[in-house]
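Residue strings, one per chain:
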Amino acid sequence: MANKSLSCARLFAGCAACFAFAVAADSAAPRALPPGQLPRDVRLEPLKDLDGYFPFATPTNRAAWDARAERVRRQLLVTLGLWPAPTRTPLNAVVHGRIECDDYTVERVYFESLPGFYVTGSLYRPKSPGQAKRPAVLCPHGHWANGRFLDTGADDARREIAAGAERFEEAGRSPLQARCVGLARMGCVVFHYDMIGYADSVQITQALAHGFAKQRPEMNKSDNWGLFSPQAEAHLQSVMGLQTWNSIRALDFLTGLPDVDAGRIAVTGASGGGTQTFILCAIDPRPAVAFPAVMVSTAMQGGCTCENACGLRVGTGNVEFAALFAPKPQGMTAADDWTKEMGTKGFPELRRHYALLGMPDNVLLKEALHFGHNYNSVSRMAMYGWVNRHLRLGQKEPIIERDFKRLSTAELTVWNDQHPKPEGGPEFERNLLRWLTEDAARQLAETAGSRDQFERVYGGGIDVVIGRGLKDVGEVVWESSAQADLGACHQTTGQLRNLTHGEELPAIRLEPRQHKAGVVIWVSGSGKGGLYTSAGEVRSELRLLLEQGWTVLGLDLLFQGEFLADGRPATQTRRVKNPREAAAYTFGYNHSLFAQRVHDVLTAIAYAKGQWGGTGRLVLAGLEGGGPWVAGACAQARGALDAVALDTEGLRFGKVLDLHSPDFLPGGALYGDLPGMIALGKPRRLWLAGEGDRPPVLAKAAYDADGEAQAITLYSGAAAETSAEFSRWLLTIAWP
C-alpha cells in the first residue's frame, strides 16, 4: 500500500503539464449562464409564510394516500419533538374541589405531563344516570382572553345575543364554559384544559409562549438553553410541541378515568384550540370523533408561536393535517375569517378524500359566514349534533342549549392553599428542556443498538429534518451551455435541472478521454469554483483523478457561485417578513439553506447514477466547507454511494448559535448531530477528516456492528493537504 501511495504521489506531481488550460483571468471557474443571469430556480422566489396558500391534493388511490399519510404524520411527530415521544412518566393526577351544579358537576384537575410540568383544567361530569362508562370529550381552547377563565362581560354578551350568535347571557360571557356544560348535559365527561401560559398554566408565561418576539441572549447557550433558542430548535423543542404533548397526556388522563369509555372519545376546540384538535387527532389514534372549529383552511395556518414549529408545514398544511383523521368522523366550521373560502377551497378536496376512503358522509362543514371568528351557539349546535350521532349518545335532535350558571375564576382555579401553585420561570424552563434533551438522548441510544431500529428512528427523523431523500429527487436533466477540449479531458459547462422541484444548478463536468474508474461528485464550500485554482486551472488533485479515468462533477449549490448576483458568499439566511424572532415563522414553511444544499447534492447523485450508473464507482466528496452537506446527503442516499469523503471541520448543529447561520438546521442536533448522519449513511468506504484521530462514536459503532471497522480512514493532518490526501486515498482503494 505504501509503494502504491508513493507511486500515486509521483504521478500527482508529474501530470500537471497535461492540464494547462485556464479560464478568463477574472473568474476561477467557467460560467454556465450568461453574465448577470441567475439560475431559473423556484427557491429564489419569496419565502412562504403562514399567510400563504396551502391546498390539499386529493390522493389518486388508497396506496398513494397510505404512503403520503405515513410521511406527513411522521413529519408532524418529528417536528413537534415527539419522535421519539418523551417517556410517559406518572401523571400524579389530583382531582379536587367538586362543585355541584344542577345536572352536572365540575372538578378542579392538575397532573404532570412531564416531571414537574403541570396540565391544569376543569372536569365536567353529568349527574344523570347512565352507563357505567360514559363517552368523553377533550376540549382545548384557543386564544380567548384568560382562556378557561374567559368572561367577556355583560355588554359583549348582549351584543352576541342581538346578533343571533348566542341565546343566553352566561353563554355569551363564556362560550367556553357553555360548550363544556352542553356536552356534559348530553351525557359526556368533559375535560377542559389550559393552553400553556393561560389561566392556571403558569410555569411558562403567556408572554413567552404566545408573545415571544425577541431572542434572549441569556437563553442562547450551547448547554443550558431556553425555548426559541437555536439550540432548542436544533433539538426540535417548541411551545407547540409541549402543548401537543400536554394534549396527549390529557387524553391519557381522560381515558384513564374509571367512568370513561376509552372507545368513545371526541376532541373539539376552536381557533388555536382547533389547531390543537386536528394536530392531536392526526397523530393519536384514540379519538373517534373530531370537530376543529374555525381553523382548518387553505389560507392562514395559525399566527401564534404556539401553532408553529420548524419544519411543520413544509410541503403540507392544515387541510392535509385534517385529512389524516379520515375516514373517522370529522366536522368543522367556517366563518368570516381565514376559513371563509373553505367551502370552495379545501372542503371539496376533503369530501373527495373521504369518498376515496369509503366514508363520504363522515366529514362536515358548517358555514356561518355572517359571523366573525367564533365558537358561538350556532357553531356549537352543529358540533352537538355531530358528536351526538357519532358518539351514539341517543339525544333527540336538534340539541338546544339551556341556560347555566357560569363559574367564576375563583371557582375554577385549581391552585389554593392546599394545592399551591408550582414554581416556574427561566430556571424551570431550562431544566424542562434539559430533561427533554436527556430523555430523548437516552431513548435514541437504546435504538442505536439495533440497525433496524436505528434506521427506523434515526433514519425516519433525519429524513424529515433534511426533507428530501434520493427517492424524492424526481426527474433531473442536463442542459449544456459550453464545451472545451482541455487536452487530457473534456470540460462541459451546463445546468443540472431538477424538473420535478423547479430547481437549476450551474455545473461543470470534467471527463477524461476514457471514463474507466467512475465518478467523483466534488462538493465544495465555493461551489464549482472549487474545481479550479485562483488562476483558473484545474486543481492538481483533480488532475490526478482525471488521469486515472475518473470523471469529476462540480456544481454550485443554492446561494453559491452563479446564484450570487454580487458574488459575495451568503453569511445570513433569508427570513419572512414577520418581525418576531421565532425561527418557526420562517422554517416552519421553508427548508433551511443547509437542507436545500443537501437537496442539491442529492440532485447531483441522482443525475450521476442516471448518466454513468453501471460504468464505475460513484464517490461523493465534501471538502473545504462541503463536508457537512455531504454528510446529510450520505444519510439520505443510503446504499447508492461506493465511497464518501468528507471533512466535517468539527461542525455540530448543537453548537450553532445563530438562527440565520447557513449552518443552522432545525432538528440537526437531535439524531446524533452530524455523526448521526454519517452513521446512518454508512457508505462502503469512508474517508473522514475534521474529527481528530478517532471516528465519532455513532459512526464507529455502525461499522463495528458489521465487522467493517477497516472501511473507515481517518485524516487528521494539515487542512491545506486535505483535498490532496483524499485524491491519493481514492486511488489506493482496493475495490472488491
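You'll find the structure just up there.
Residues numbered from 1 in each chain as written. Predicted model: local features only at pLDDT ≥ 70, side-chain atom pairs only at ≥ 80, totals over all residues. Heavy atoms only, no water.

A. Highlighting the overall build of the protein. Counting its secondary structure elements, the protein contains 22 helices and 18 strands. The C-alpha radius of gyration computed for the protein amounts to 29 Å, which stays within 12% of the reference 27 Å derived for 736 residues, consistent with globular compactness. If you line up the protein on its principal axes, its C-alpha atoms span 95 × 50 × 45 Å. A total of 736 residues make up the protein; the buried ones form 61% of that total. The contacts in the protein between residues at least 6 apart in sequence include a share of 74% that link residues at least 24 apart. Carbon and sulfur atoms make up 52% of the accessible area of the protein, which amounts to about 27100 Å² in all. Treating the 77 positive side-chain charges of the protein as one cloud and the 79 negative ones as another, the clouds have centres 3 Å apart. (Helix = DSSP H or I, 4+ residues; strand = E, 2+ residues; numbered from the N terminus. Rg over C-alpha atoms; globule rule 2.2 N^0.38 Å. Buried < 20%, exposed > 50% of the residue type's maximum accessible area, 1.4 Å probe, protein only. Contact = heavy atoms within 4.5 Å. Areas by Shrake-Rupley, 256 points an atom, 1.4 Å probe, with all protein chains shown as cover. Lys, Arg positive; Asp, Glu negative; His and termini not counted. Charge placed at Lys NZ, Arg CZ, Asp CG, Glu CD.)

B. Spatial organisation of the sheet that holds strand 8 (residues 330-334). Pairing in this open sheet of nine strands is mixed, and the strands run 1-2-3-5-4-6-7-8-9 from one edge to the other. Bordering the open sheet on either side are strand 1 (94-100) and strand 9 (363-367), each of which pairs with just one other strand. Strand-to-strand twist of the sheet, defined as the mean angle between neighbouring strand axes without regard to direction, takes the value 20 degrees. Both strand 4 (residues 134-140) and strand 6 (residues 260-270) contribute to a ladder of four bridges, which runs parallel. Its bridge partner lying in strand 6, valine 137 is registered against alanine 266. With respect to the sheet, helix 9 (residues 272-283) is in contact with strand 4, strand 5 (189-193), strand 6 and strand 7 (289-293), its orientation differing from that of strand 6 by roughly 140 degrees. Contacting strand 6, strand 7, strand 8 and strand 9, helix 12 (residues 377-390) runs over the sheet at an angle of about 170 degrees to strand 7. (Pairing = 2+ DSSP bridges. Axes fitted to C-alpha atoms, helices over the stretch in contact; angles between N-to-C directions.)

C. Region of the structure containing the side chain of histidine 660. Turning to its location among the elements, histidine 660 is positioned in the loop between strand 16 (643-647) and helix 20 (673-681). Taking relative accessible area as the criterion, histidine 660 reaches 13% and is therefore assigned buried. Ignoring sequence-local partners within four residues, the contact set of histidine 660 consists of Thr571, Gln572, Thr573, Arg574, Arg575 and Phe587.

D. Representation of the pattern of salt bridges. Taken as a whole and judged by the stated rule, the model has 64 salt bridges. In this structure, glutamate 170 and arginine 406 form a salt bridge, with 3.2 Å as the shortest nitrogen-oxygen distance. Here arginine 406 lies in the loop between helix 12 and helix 13 (409-412) and glutamate 170 lies in helix 4 (residues 169-173), a separation of 236 residues in the sequence. In terms of burial, glutamate 170 and arginine 406 fall into one category: buried. Between arginine 264 and aspartate 261 there is a salt bridge; the shortest N-O distance is 3.1 Å. (Salt bridge = Lys/Arg side-chain N within 4 Å of Asp/Glu carboxyl O.)

E. Geometry of the state of the cysteines. Counted under the stated rule, the structure contains zero disulfides. Among the cysteines around cysteine 139, which has no disulfide bond, cysteine 180 carries the closest sulfur, lying 4.4 Å off. A residue is classified by how much of its surface remains accessible, and cysteine 139, at 0% relative accessible area, is buried. (Disulfide = S-S within 2.5 Å.)

F. Quick look at helix 12. For helix 12, spanning 14 residues, the distance from its first C-alpha to its last is 20 Å, which sits close to the expected 20 Å at 1.5 Å a residue. Where helix 12 is concerned, the buried positions are Ser377, Ser379, Arg380, Ala382, Met383, Tyr384, Gly385, Trp386, Val387 and Asn388. Positive backbone phi, approximately 55 degrees, marks arginine 392, located one or two places after helix 12. (Expected span 1.5 Å × (residues − 1).)

G. Molecular detail of the packing of aromatic side chains. Summed over the entire model, instances satisfying the criterion amount to 22 aromatic pairs. An aromatic cluster is defined as three or more aromatic residues linked by ring pairs; in this entry it consists of Trp522, Trp687, Tyr715, Phe726 and Trp729. Geometry around phenylalanine 54 places lysine 48 over its ring, the cationic atom sitting 4.2 Å from the centre. Over the face of the ring belonging to tryptophan 83 we find arginine 456, whose NZ or CZ atom lies 5.6 Å from the ring centre. (Phe/Tyr/Trp six-rings, centres within 6.5 Å; stacked < 30°, edge-to-face > 60°. Lys NZ or Arg CZ within 6 Å of the ring centre and 35° of its normal.)

H. Representation of the side chain of threonine 493 in the model. Note on placement: threonine 493 falls in strand 11 (residues 489-498). For threonine 493, a relative accessible area of 2% puts it in the buried group. If near-sequence neighbours (up to four positions away) are discounted, threonine 493 is found in contact with Pro30, Arg31, Ala32, Trp478, Ser480, Ser481, Ala482, Ala507 and Ile508.

I. Just the environment of glycine 241, in detail. Mapped onto the secondary structure, glycine 241 falls in helix 8 (residues 239-255). Under the relative-accessibility criterion, glycine 241 is labelled buried at 6%.

J. Spatial organisation of the pairing of strand 18 (residues 712-715). Examined bridge by bridge, strand 17 (residues 686-689) and strand 18 share four bridges and lie parallel to one another. Residue pairing in the sheet places leucine 688 in a bridge with leucine 714 of strand 18. Between the parallel pair strand 17 and strand 18, the chain is carried across by helix 21 (residues 697-705), and the sense of this crossover is right-handed. (Right-handed = clockwise from strand over helix to strand, strands pointing away.)

K. The arrangement of the sheet that holds strand 14 (residues 550-555) in detail. As summarised here, the arrangement of the nine strands in space is 10-11-12-14-13-15-16-17-18, forming an open sheet in which the pairing is mixed. Both edges of this open sheet fall to strand 10 (476-485) and strand 18, since each of them pairs with a single strand only. On average, adjacent strands in this sheet sit at an angle of 20 degrees to one another, irrespective of strand direction. Summarising the sheet, strand 13 (residues 518-524) and strand 14 pair through five bridges and their orientation is parallel.

L. Geometry of the packing of helix 5 (residues 175-185) against helix 12. Packing of helix 5 against helix 12 brings their axes to within 11 Å, and their N-to-C directions diverge by 25 degrees. If you check the angle between helix 5 and helix 12, you find them roughly parallel. Crossing geometry of helix 5 relative to helix 12 is assigned as right-handed. Of the residues in helix 12, those in contact with Pro175, Ala178, Arg179, Gly182 and Leu183 of helix 5 are Arg380, Met383, Tyr384 and Val387. Of the residues contributing to the contact of helix 5 with helix 12, the split by class is six nonpolar, one polar and two charged. (Parallel < 35°, antiparallel > 145°, perpendicular 65-115°, else oblique. Left-handed = near helix turned anticlockwise from the far one by under 90°. Nonpolar A, V, L, I, M, F, W, Y, C, P; charged D, E, K, R; others polar.)

M. The nonpolar core, seen in detail. Of all hydrophobic cores here, the largest spans 163 residues; its most connected members are Phe191, Ile204, Ile521, Ile605 and Leu620. Not counting chain neighbours up to four residues away, the residues in contact with isoleucine 521 comprise Leu553, Leu555, Ala604, Ile605, Ala608, Leu618, Val619, Leu620 and Ala621. Counting 39 residues, the second largest nonpolar core, distinct from the first, contains Tyr124, Cys139, Val289 and Leu393. (Core = buried A, V, L, I, M, F, W, Y, C linked by side-chain atoms within 4.5 Å.)

N. Geometry of the packing of helix 2 (residues 62-79) against helix 9. Contact pair helix 2 / helix 9: the axes reach a minimum separation of 10 Å and the direction vectors enclose 115 degrees. The orientation of helix 2 with respect to helix 9, classified from their angle, is roughly perpendicular. Considering how the two elements wind past one another, helix 2 and helix 9 form a crossing that is left-handed. Every residue of helix 9 that contacts helix 2 at Arg73, Leu76 and Leu77 is listed here: Ile279, Ala282 and Ile283.

O. Layout of helix 9. The terminal C-alpha atoms of helix 9 lie 17 Å apart, and with 12 residues this matches the ideal 16 Å at 1.5 Å per residue to within 8%. By the burial criterion, the buried members of helix 9 are Gly272, Gly273, Gly274, Thr275, Gln276, Thr277, Phe278, Ile279, Leu280, Cys281, Ala282 and Ile283.

P. Region of the structure containing the environment of serine 408. Looking at the element boundaries, serine 408 is found in the loop between helix 12 and helix 13. Counting along the chain gives 137 residues from serine 408 to leucine 545, while the straight-line C-alpha distance between them is 79 Å.

Q. Structural context of the pairing of strand 12 (residues 503-512). Counted residue by residue, strand 12 has 10 buried out of 10 residues, so it is predominantly covered. Side-chain alternation along strand 12 places Glu503, Leu505, Ala507, Arg509 and Glu511 on one buried face and Glu504, Pro506, Ile508, Leu510 and Pro512 on a second face that is also buried. Examined bridge by bridge, strand 11 and strand 12 share 10 bridges and lie antiparallel to one another. Of the residues in strand 12, the one forming a bridge with arginine 497 is glutamate 504. Hairpin connection from strand 11 to strand 12: four residues lie between these consecutive antiparallel strands, with glycine 502 at a positive phi of about 70 degrees.

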